[in-house]
Protein chains: 2
Amino acid sequence: MPFKISPLAPRKIKKISPIGGINVSSVHCGLKKNNKQDLVLIKLDSPGEIIGLFTNSKTPGEPIIWNKKIHKFGKVSVILINSGNANVFNGKSGKSSLLKIVNEISSKLKVPKKYIYIASTGVIGEPLDEKKIIKQIPFLISNLQNDSNSWLKAAKAIKTTDTFPKTHSEIFSEKRNIVINGIAKGSGMIAPNMATMLAFIFTNLDFKKEECIEKFREIVDKTFNSITVDGDTSTSDMILFFSVNDKHNSIKLKNENRKKFFLHLEKLTSKLAEYIVKDGEGASKFLKIKIQGAKNINDAKKIGKSIANSPLFKTAMSGSDSNWGRIIMAVGKSGAKLDPEKLTLKFGKFIILKKGKKLNLTYINLINEYLKQSEIEIIVDLNIGIYEWSTWTCDFTKEYVSINADYRS
Amino acid sequence: MPFKISPLAPRKIKKISPIGGINVSSVHCGLKKNNKQDLVLIKLDSPGEIIGLFTNSKTPGEPIIWNKKIHKFGKVSVILINSGNANVFNGKSGKSSLLKIVNEISSKLKVPKKYIYIASTGVIGEPLDEKKIIKQIPFLISNLQNDSNSWLKAAKAIKTTDTFPKTHSEIFSEKRNIVINGIAKGSGMIAPNMATMLAFIFTNLDFKKEECIEKFREIVDKTFNSITVDGDTSTSDMILFFSVNDKHNSIKLKNENRKKFFLHLEKLTSKLAEYIVKDGEGASKFLKIKIQGAKNINDAKKIGKSIANSPLFKTAMSGSDSNWGRIIMAVGKSGAKLDPEKLTLKFGKFIILKKGKKLNLTYINLINEYLKQSEIEIIVDLNIGIYEWSTWTCDFTKEYVSINADYRS
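Residues numbered from 1 in each chain as written. Chains lettered and ligands numbered in written order. Predicted model: local features only at pLDDT ≥ 70, side-chain atom pairs only at ≥ 80, totals over all residues.

### A look at the packing of helix 5 (residues 209-222) of chain B against helix 6 (residues 255-278) of chain B
Residues and elements named next belong to chain B.
Then, number 1: One can describe the packing of helix 5 onto helix 6 by two numbers: an axis separation of 9 Å at closest approach and a directional angle of 35 degrees. Between helix 5 and helix 6 lies a crossing whose hand is right-handed. Each of Lys215, Ile219 and Val220 in helix 5 lies in contact with helix 6, whose residues at this interface are Phe262, Leu265, Glu266 and Thr269.
Then, number 2: Here the residues of the contact of helix 5 with helix 6 are counted per class, giving four nonpolar, one polar and two charged. (Axes fitted to C-alpha atoms, helices over the stretch in contact; angles between N-to-C directions. Helix = DSSP H or I, 4+ residues; strand = E, 2+ residues; numbered from the N terminus. Left-handed = near helix turned anticlockwise from the far one by under 90°. Contact = placed C-beta atoms within 7 Å. Nonpolar A, V, L, I, M, F, W, Y, C, P; charged D, E, K, R; others polar.)

### Topic: the pairing of strand 17 (residues 387-394) of chain B
All names here are of chain B.
Then, number 1: Bridging between strand 9 (residues 227-228) and strand 17 involves two bridges; their strand directions are parallel. Residue Ile227 lies in a different strand from strand 17, and its bridge partner there is Trp392.
Then, number 2: Sheet topology places strand 12 (residues 286-294) next to strand 17; seven bridges connect them, and they run antiparallel. Its bridge partner lying in strand 17, Ile291 is registered against Trp389. (Pairing = 2+ DSSP bridges.)

### Topic: the confidence of the model for chain A
Residues and elements named next belong to chain A.
Then, number 1: A residue-level look at chain A finds 94% of positions with pLDDT of 70 or above and a mean pLDDT of 89.
Then, number 2: For chain A, strand 9 (residues 227-228) is the element with the lowest average pLDDT, namely 80, and helix 3 (residues 130-142) is the one with the highest, namely 98.
Then, number 3: The low-confidence segment residues 190-196 (pLDDT under 50) makes 37 contacts with residues lying over four places distant or belonging to another chain. (pLDDT = per-residue confidence, 0-100.)

### Focus on the sheet that holds strand 15 (residues 357-358) of chain B
Then, number 1: Read from one edge of the open sheet, seven strands run 9-17-12-16-13-14-15 (chain B), paired in mixed fashion. The open sheet is flanked by strand 9 and strand 15 of chain B, the only strands paired with a single partner.

### Structural notes on the sheet that holds strand 12 (residues 286-294) of chain A
Residue and element names in this part refer to chain A.
Then, number 1: Sheet architecture is open: seven strands sit in the order 9-17-12-16-13-14-15, paired in mixed fashion. Strand pairing shows two members of the sheet lacking a second neighbour, strand 9 and strand 15 (357-358), which therefore form its edges.
Then, number 2: Judged from the two bridges that link them, strand 14 (residues 350-354) and strand 15 form a sheet pairing that is antiparallel. Directly across from Leu353, in strand 15, lies its bridge partner Lys358.
Then, number 3: The strands touched by helix 6 (residues 255-278) within the sheet are strand 9, strand 12 and strand 17 (387-394), with strand 17 carrying the most contacts at an inclination of about 45 degrees.

### Comments concerning the pairing of strand 4 (residues 116-123) of chain B
Residues and elements named next belong to chain B.
Then, number 1: Counting buried positions along strand 4 yields seven of eight residues, so the element is predominantly enclosed.
Then, number 2: By the bridge criterion, eight bridges tie strand 3 (residues 75-85) to strand 4 in an arrangement that is parallel. From the neighbouring strand, Ile81 faces strand 4, where its bridge partner is Ala119. (Buried ≥ 20, exposed ≤ 12 C-beta atoms within 10 Å, placed from the backbone.)

### Re the packing of helix 11 (residues 398-405) of chain A against helix 8 (residues 311-318) of chain B
Then, number 1: In the contact formed by helix 11 of chain A and helix 8 of chain B, the axes pass within 8 Å of each other and the chain directions differ by 70 degrees. The angle between the axes of helix 11 of chain A and helix 8 of chain B places the two elements in the roughly perpendicular class. Each of Val401, Asn404 and Ala405 of chain A in helix 11 of chain A lies in contact with helix 8 of chain B, whose residues at this interface are Leu312, Thr315, Ala316 and Ser318 of chain B.
Then, number 2: For the contact of helix 11 of chain A with helix 8 of chain B, the per-class residue count stands at four nonpolar, three polar and no charged. (Parallel < 35°, antiparallel > 145°, perpendicular 65-115°, else oblique.)

### Things to note about helix 2 (residues 91-109) of chain A
Residues and elements named next belong to chain A.
Then, number 1: Taking 1.5 Å per residue as the helical rise, helix 2 with its 19 residues ought to reach 27 Å, and the 28 Å between its terminal C-alpha atoms agrees with that figure.
Then, number 2: Taken as a whole, helix 2 has its buried residues at Gly94, Ser97, Leu98, Ile101, Val102 and Ile105. Buried residues of helix 2 fall within an arc of 125 degrees about the axis and therefore sit on the same side. Away from the buried face of helix 2 by more than 90 degrees, exposed residues Lys92 and Ser107 are located. (Expected span 1.5 Å × (residues − 1). Arc of directions from axis to C-beta.)

### Description of the environment of Pro138 of chain B
Residues and elements named next belong to chain B.
Then, number 1: With respect to the element layout, Pro138 can be found in helix 3 (residues 130-142).
Then, number 2: Judged by C-beta crowding, with 11 C-beta atoms within 10 Å, Pro138 ranks as exposed.
Then, number 3: For the pair Pro138 and Ser243, spaced 105 residues apart in sequence, the C-alpha to C-alpha distance is 25 Å.

### So, the nonpolar core
Then, number 1: Ile79, Ile327 and Val380 of chain A together with Ile79 and Ile327 of chain B are the most contacted members of the largest nonpolar core, which totals 231 residues.
Then, number 2: Residues contacting Ile327 of chain A, with those up to four places away along its chain left out, are Ile307, Phe313, Leu345, Ile378 and Val380 of chain A. (Core = buried A, V, L, I, M, F, W, Y, C linked by C-beta atoms within 7 Å.)

Here it is, written out as structure tokens:
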């Protein structure tokens, strides 16, 4: 039986700190079964700056196509998110459903269509009944609120096979008045290259897109793009990062807080990425794979991904099996430059191979104990360069198969 | 519990047709538990022509390093195969073990070392106790035989997690005197790019390496290199294709039988590749993925591999779930050129999408029945070119996880 709640779930869900000027509401519109909420409206009092990163898939969902089109205008007033249906591969009817929804929101809220973002997650290729969504828009509008609880509800409403809601909040500056919030969903079809999940990150720090986009990409690359659950890449997923922009609530991004801002932004994306892995379908272990001493950054990434996506490695970890040969296999198949005689391999602090030589493992019992833990670190040092990269993943369990063999039924 | 014998195993194991001039023997030397045979000696009466294809892994086993070194001499007299230990990543002791074994065979059988091929399969990074092997060489030599039963024993002795021995024989020509035989093993760490399994193919047709190597590569590419169980690439695997070369037993390869020869060779490699997939760890279904209408052959291969290695697709198939959205996802993430509005998708003869349009599936019950079968064909027609490629794989089951979480224990 699949886990009801991931054994890796955090003990406490972190509360979102409300930011003035941005409100949220959720409802059950009928796309999910069992009366679960499946529709979320996020509304900004005045248009905020937005940076979107979207899936690389060549068969993207309608929301991705729409959002990419309006992204050049650079502003956001509304984000509507539904779970239960991804609106992918529904042909003309899928496009028309999306447009009807956008038109309805635009007319009801008096905001330009180019400031309305849509996100959908769920089954692919099922026609989306937009009437279910449109019917609930008035309710969503009249229930917009700005408190922790409403954000928690939103985080729950965007879940699909997720077992716990993913939220995080960073508060900093001397006055403790700068806030970055994020909610996310993940669970299946999680793999590097953006293309991986839904995440909505917002702040009261009034950044400019041009100043931040490079740094934001870099941060996403190090966090969301460095996790993998099953190596699969979704058609629908995106990260939207946006700021509240009104004179009462927003704070100017200045040089003195820029560095701190990015630091906290990375902390937040890193936390959400960690939660997504920890809620990977069927996950029972959180695996951190650190590649060091590579000739270049690409090789370090390639090896990390090769290990993290190897079913043989992932099943060994689920069985707490110190079969490190499978790591060597994955290093070897990655295609990255290496010298087997220089390779060092560690499970946590336990050295297995030192510059290609296997140590006499007198502490094999300790290693086996270590591998039974729920967080495991694997370190591969190629010792031929200075580059390093971390990739996070979870183990591969029978629960993963259960969840995915019966997803639709 | 893992299956005792794959539900996809053939009802009857095909007998190998003995060829004069080549003999085989097997024994239990102690690398496998439970007194199972784990060591095979193949001996040719006089040196035969040989073509070897070896793993692409950057952390190859000692036998791969050795065989690649002697491959330029182009002849084979002896092949020694052990299961239970892969002799990979054992440092200097691994190299020295291999050399001791080669020296022993060379002196006992009076054959040059450069004609002695070694193959090992099993756990990585466990020191190989070559004494166990060397001790049994006299027994193996004195028991060399040339009958179907001895070859069947050899096919059993090279198994690791395989549940059935893989053998095939093709006999052709007017006189029915040309024979191609093959034995193989597979099961885990099976993925395209050679690097995948052990296969030993031999014939009494006296080919020349230069005449055949191109065609042989092409055939292997279409068969062994187009299967995948888990996307993992082994450090140890190889295909050795060799001919008996003595005046009493071998038949000259002439222009009139060349075409037939390659046809039968492809039939044989195709059959062995099919068996390897059908014995994929935990496999309950044989999945044939045919990509048609691609702009180029590489795109067709990329998409086939992307679908065949997708855990979400493979688990859906294990649950007989017609969730074709996962196929679209895998097509999309492959990176290949495509136009979603031209894409046609079929399960067997059942059309799901026709040029991007989803059909009204009145026959969904028939599709669900079809997906319960043990052999399923998935056809993706991109309708933008003339190239096609077939990739074979198996489903992903809880048994796969069982087998791999407990491999060493």
